[in-house]
Amino acid sequence: MNLKGRDFLTLKDYTPEEIEYLIELAAKLKKMKKDGVVEQPLLGKNVALIFEKTSTRTRCSFEVAAHDLGMGVTYLDPKGSQIGKKESIADTARVLCTMFEGIEYRGFGQEIVEELAKYSSVPVWNGLTNEYHPTQMLADMLTIKEKLGRLKGVKFVYMGDARYNMGNSLMIVCAKLGLHFTACTAKQYFPNAELVEQCREWAKESGGSVTLSDDVKEATKGAEVLYTDVWVSMGEPEEVWKERIEALSPYQVNKAVMENADKNAIFMHCLPAFHDLKTTIGKEIHDKYGLDEMEVTDEVFESEQSVVFEEAENRMHTIKAVMAATLGAY
Ligand code: CP
Ligand code: NVA
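None of these values were measured; they are calculated from a predicted model.

## Examining the side chain of Lys320
Part 1: Residue placement: Lys320 occurs in helix 13 (residues 308-326).
Part 2: Relative accessible area serves as the criterion here: at 5%, Lys320 is assigned to the buried category.
Part 3: Look past the residues within four positions of Lys320 in its chain and what remains in contact with it is Leu29, Lys33, Ala65, Asp68 and Leu69.

Next up, the structure:
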């Protein structure tokens, strides 16, 4: 498998074998890290991390992974660069690729990261756009493999806003790797019909399936993975909270959902999550709408079935695999 020089933008253009290779490589790199093996195959190289939206996991994963591989890192925060304001994406790309061996981008429209990749002569990695979150997918699949021992045939249910980055990307990766994906949500939050069709084609080849349902009881029956995400994503206007709460409250992951699922089911969330009142936004929503918890109850989030922190750890190992493979280290 040779992924040297490739961008990592959506997973749509990665074959199932390439995705599986990256998950396997991440598992190897994870074991090396746990065993205390230090190899710095990319010593002397540097990567730029552009974040036009905030981050805890993705930024830390890129930084720690780059350091583990021997690389230097420059972080460009949402306000600290000329990008988009004084300098176009195309010009930025052509400047950065003279100094760095790879560029990570987190921001708004997918077309921005695509433009960056078009003008960059070094690999560009998507650290989240409105439409996709591909590095998160590798961590999620690695976690499912570790917990359930397999990916093919796993009954995976995503609840919440299925039209955004997480819903889209989970549907793509499940379809490519042969999981049975269900988006369980209100009809207006079903993913884009064209993408659903494309995913159904991939699912035919992998032995997976793609289902859309607004019936919680039926869709979550026997599920092995229950997955959710915030109801309002970064960059969306505050006004959408009201309609989201109204439409998505029936699709909260709670005890009744977990009891309807398989007895060995796991709960997953890309994080950050609104499961209590220990955040500023959580408190504001509580004051305005009276909710103590949103997409997942605190009870489920804190339960034995919840694997969210292992999933978060796997962000680092999988991002390391993406950088290592596309920069030709392994
Ligand atoms: N899951 C995820 O991407 O987290 P951050 O926003 O903290 O990077
Ligand atoms: N849908 C969320 C994912 C965060 C990792 C957002 O875009 O804010």
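## Observations regarding the environment of Arg59
Part 1: Counting through the fold element by element, Arg59 comes out in helix 2 (residues 57-68).
Part 2: Here Arg59 falls in the partly exposed class, since its relative accessible area comes to 28%.
Part 3: Between the alpha carbons of Arg59 and Glu104 there is a distance of 9.4 Å; along the sequence they are 45 residues apart.
Part 4: For Arg59, the residues in contact, after removing those within four places along its chain, are Leu49, Phe51 and Tyr75.

## A word on the nonpolar core
Part 1: By size, the foremost hydrophobic cluster in this structure holds 62 residues, and its most contacted members are Met141, Ile144, Phe156, Leu179, Phe181 and Met323.
Part 2: Tallying contributions element by element places helix 6 (residues 165-177) first for this core, with 8 residues.
Part 3: Residues contacting Ile144, with those up to four places away along its chain left out, are Gly149, Arg150, Leu151, Val154, Phe156, Leu179, Val225, Ile266 and Met268.

## Details of the site of ligand 2
Part 1: Contacts to ligand 2 come from Leu128, His133, Asn165, Asp229, Val230, Ser233, Met234, Cys270 and Leu271.
Part 2: Calculation on ligand 2 without its partners gives an accessible area of 270 Å², and the protein chains cover 95% of this total.
Part 3: Residues of the shell around ligand 2, tallied by class, amount to 5 nonpolar, 3 polar and 1 charged.

## Some thoughts on the site of ligand 1
Part 1: The environment of ligand 1 is formed by Ser55, Thr56, Arg57, Thr58, Arg106, His133, Gln136, Cys270, Leu271 and Arg315.
Part 2: A distance of 2.9 Å separates an oxygen atom of ligand 1 from a polar atom in the side chain of Arg106.
Part 3: Take Leu271: an N or O atom from its main chain is 2.9 Å from a nitrogen atom of ligand 1.
Part 4: Notes on ligand 1: free accessible area 250 Å², of which the protein chains cover 96%.
Part 5: Counted by class, the shell around ligand 1 contains 2 nonpolar, 5 polar and 3 charged residues.

Calculation notes
- The residue numbering used here restarts from 1 in each chain and proceeds along that chain's sequence as written.
- The order in which chains are written sets their letters, starting at A; the order in which ligands are written sets their numbers, starting at 1.
- Only residues with pLDDT of at least 70 get local features here, since the model is predicted, and only at 80 or more are side-chain atom pairs given and counted; chain-wide, interface and lining totals rely on the full set of residues.
- Note that the side-chain values use all heavy atoms of the structure and ignore hydrogens as well as water.
- Runs of E in the DSSP output that reach at least two residues are strands. Runs of H or I that reach at least four are helices, and both are numbered from the N terminus.
- Exposed residues in this analysis have more than 50% of their type's maximum accessible area, buried residues have under 20%, and partly exposed residues fall in between, with area computed by a 1.4 Å probe over protein chains only.
- In this description, contact between two residues means that some pair of their heavy atoms is separated by no more than 4.5 Å.
- Here, nonpolar core refers to any group of buried Ala, Val, Leu, Ile, Met, Phe, Trp, Tyr and Cys residues whose side-chain atoms link them within 4.5 Å.
- One heavy atom within 4 Å of a molecule or strand makes the whole residue count as near it.
- Each accessible area is a Shrake-Rupley estimate made with a 1.4 Å probe; only the visible protein chains count as cover when residues are assessed.
- Polar here means any residue outside two lists: the nonpolar Ala, Val, Leu, Ile, Met, Phe, Trp, Tyr, Cys and Pro, and the charged Asp, Glu, Lys and Arg; Gly therefore counts as polar.
- We define a polar contact as two N or O atoms separated by no more than 3.5 Å, with the added condition that, inside protein, one atom must be a possible hydrogen donor and the other a possible acceptor, whereas residues neighbouring each other in sequence contribute only through side-chain atom pairs.

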